[in-house]
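Secondary and tertiary structure notes
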Amino acid sequence: MKLHKLTSVAIGALLVLSGCSAVSTDATPTPTASTTNPYGGGFTVDAPKANDVVLSVTGTKTVDYTMSQLEKLATVKITIEEPFVKKQQTFDGVELKTLLDAAGITVGEKINTIALNEYEFADTVANFESNHAILAVKRDGKNIPMDQGGPVRLVFNSDSKYFTYLDAWNWSLRTIKLTSK
């Protein structure tokens, strides 16, 4: 099942989330965390099935990933004080570099990360890689609920410059695409 065929209920619920856009070219990190639940809440959205495509990465070729595939690739684990909900959480994920390499996206290029709610963040591959961007697929050992920023999201370790650059923390991520060289 392709991502665009998710149930209308799931997509409708995700559109409740803010639809902002952000662009960076080595911007100075500034904290912008909300004091309320930034993911919305008050409703439950069914999780994608293991074989549903949840992420497409497009560079010189397009690679679609199912939850099952991403979970198998998840070899990185970080424990951080998650800046949006301000509590310690452990994330399991895949180095973003692994997914970019598979799609033929290289360090000298720029990409957009696009969430299900159309939130976009544009930046250089070099910035993502130097800040060790991780595509998280699990939080505290469990799948990340869609109404809490899942099923996949970008996170950064606390020693990264992008840990405090919250615009880069794209949650409910659905697409990563090459924008320019």
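Our structure's up above, just so we're on the same page.
In short, a report on the structure. Everything numeric in this text was worked out from a predicted model, so none of it was measured.

Some words on the pattern of salt bridges
Under the counting rule described, the total for this entry stands at five salt bridges. K138 is paired through a salt bridge with E71; the nearest N and O atoms lie 3.4 Å apart. Taken together, the residues span a long stretch of sequence, with K138 in strand β8 (residues 134–139) and E71 in helix α2 (residues 67–73) at a distance of 67 residues. Note on E71: relative accessible area 28%, which makes it partly exposed.

Focus on the environment of V155
Here V155 is to be found in strand β10 (residues 153–155). Under the relative-accessibility criterion, V155 is labelled buried at 0%. V155 sits 60 residues away from E95 along the chain, and the two C-alpha atoms are 10.0 Å apart. Apart from residues lying up to four places away in sequence, V155 is in contact with I78, F91, H132, A133, I134, A136 and W169.

Some thoughts on the packing of aromatic side chains
If you walk through the whole model with that rule in mind, you get eight aromatic pairs. Centroid distance F84 to W169: 6.1 Å. Interplanar angle 70°. Geometry classified as edge-to-face. Within this pair, whereas F84 is found in the loop between β4 (76–82) and β5 (87–95), its partner W169 is found in the loop between β10 and β11 (173–180), the two being separated by 85 residues in sequence. Residue classification places F84 among the buried positions, given a relative accessible area of 8%. Relative to W171, the ring of F84 lies with its centre 4.8 Å away and its plane at 85°, an arrangement referred to as edge-to-face. Of this pair, F84 sits in the loop between β4 and β5 while W171 sits in the loop between β10 and β11, and the two are 87 residues apart along the sequence.

Topic: the pairing of strand β2 (residues 53–58)
Most of β2 is tucked away: five of the six residues are buried. The pairing of β2 with strand β3 (residues 62–66) spans five bridges and is antiparallel. Counterpart to L55 in the pairing with β3 is Y65. Pairing of β2 with β11, which is carried by three bridges, proceeds in the parallel orientation. The partner of V57 across the bridge, within β11, is I176.

With respect to the side chain of D52
Looking at where D52 falls in the secondary structure, it is placed in the loop between β1 (21–23) and β2. The charged side chain of D52 is buried without a salt bridge, its nearest counter-charge being K49 at 5.7 Å. One polar contact links the side chain of D52 to the main-chain amide nitrogen of K49, over a distance of 2.9 Å.

Here we look at the nonpolar core
L55, V57, L70 and L99 are the most contacted members of the largest nonpolar core, which has 43 residues in total. Looking at which element gives the most residues to this core, the answer is β8, with four residues.

Overview of the environment of Y119
Inspection of the secondary structure assignment puts Y119 in the loop between β6 (110–115) and β7 (120–124). What makes Y119 buried here is its relative accessible area of 14%. Sequence spacing of Y119 and L173 is 54 residues, and the spatial spacing of their C-alpha atoms is 8.8 Å. A distance of 2.6 Å separates a polar side-chain atom of Y119 from the backbone oxygen of D167.

Analysis parameters
- Residues numbered from 1 in each chain as written.
- Predicted model: local features only at pLDDT ≥ 70, side-chain atom pairs only at ≥ 80, totals over all residues.
- Heavy atoms only, no water.
- Salt bridge = Lys/Arg side-chain N within 4 Å of Asp/Glu carboxyl O.
- Helix = DSSP H or I, 4+ residues; strand = E, 2+ residues; numbered from the N terminus.
- Buried < 20%, exposed > 50% of the residue type's maximum accessible area, 1.4 Å probe, protein only.
- Contact = heavy atoms within 4.5 Å.
- Phe/Tyr/Trp six-rings, centres within 6.5 Å; stacked < 30°, edge-to-face > 60°.
- Pairing = 2+ DSSP bridges.
- Lys, Arg positive; Asp, Glu negative; His and termini not counted.
- Polar contact = N/O pair within 3.5 Å; in protein donor to acceptor, adjacent residues only side chain to side chain.
- Core = buried A, V, L, I, M, F, W, Y, C linked by side-chain atoms within 4.5 Å.

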